[in-house]
Amino acid sequence: QVQLVESGGGLVQPGGSLRLSCAASGSFVSINTMGWYRQAPGKQRELVAAVTSGGSTNYADSVKGRFTISRDNAKNTVSLQMNSPKPEDTAVYYCNAAIRTYSWRAYDYYWGQGTQVTVSS
């Protein structure tokens, strides 16, 4: 059973910083892309940032220059450093990963349980 467990959410002031982390556990053979999505009340879930196993990154325009995604392939973790957050960044943040559980199986997408990030003074 594959699990993605997130940590690091909470309340942060505008202009502050916050770091989210996600660890994959269970039985699998490889992880491809890992990323962070978010969903604000009344809005659709959207991609925040993603990173491939080779280190290529992709960011939503709204967070470019403020957020940084990184991963540790040896530890099967992905992190999101959130600098200078804004009130509009308030949302539930979800970790996502494309994971292959068997060598003959295609990659499946897994989700974490979500962690609340609130940006407010």
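Just above, that's the structure.
Residues numbered from 1 in each chain as written. Predicted model: local features only at pLDDT ≥ 70, side-chain atom pairs only at ≥ 80, totals over all residues. Heavy atoms only, no water.

J.: How do you make sense of the pattern of salt bridges when you look at a structure like this?
T.: Any two side chains of opposite charge can pair, given that their charged atoms come close. Scanning the entire structure with this criterion turns up 5 salt bridges. The partner of Asp-89 in a salt bridge is Arg-66, and the shortest N-O contact between them spans 2.8 Å. Within this pair, whereas Asp-89 is found in the loop between β8 (77–83) and β9 (91–100), its partner Arg-66 is found in the loop between β6 (57–59) and β7 (67–72), the two being separated by 23 residues in sequence. Judged on exposure class, the residue Asp-89 and its partner Arg-66 are both buried. Through salt bridges that share partners, Arg-38, Glu-46, Arg-66 and Asp-89 make up one connected network. (Salt bridge = Lys/Arg side-chain N within 4 Å of Asp/Glu carboxyl O. Helix = DSSP H or I, 4+ residues; strand = E, 2+ residues; numbered from the N terminus. Buried < 20%, exposed > 50% of the residue type's maximum accessible area, 1.4 Å probe, protein only.)

J.: Which parts of the structure should I look at to understand the pairing of strand β1 (residues 3–7)?
T.: A regular strand places its side chains on the two faces of the sheet in alternate fashion. Alternating residues of β1 divide into Leu-4 and Glu-6, all buried, and Gln-3, Val-5 and Ser-7, none buried. In this structure, β1 lies alongside strand β3 (residues 17–25), joined through 5 bridges in antiparallel fashion. Residue pairing across strands places Val-5 opposite Ala-23, the latter belonging to β3. (Pairing = 2+ DSSP bridges.)

J.: What is the right way to look at the state of the cysteines in this model?
T.: When the sulfur atoms of two cysteines share a covalent bond, that bond is a disulfide. Taken as a whole and judged by the stated rule, the model has 1 disulfide. Shown here is the disulfide that connects Cys-22 with Cys-95, its sulfur atoms set 2.1 Å apart. Taking the torsion about the S-S bond as the criterion, the Cys-22 to Cys-95 disulfide, at about -80°, is left-handed. Of this pair, Cys-22 sits in strand β3 while Cys-95 sits in strand β9, placing them 73 residues apart in sequence. (Disulfide = S-S within 2.5 Å.)

What is shown is where atoms sit, not what they do.
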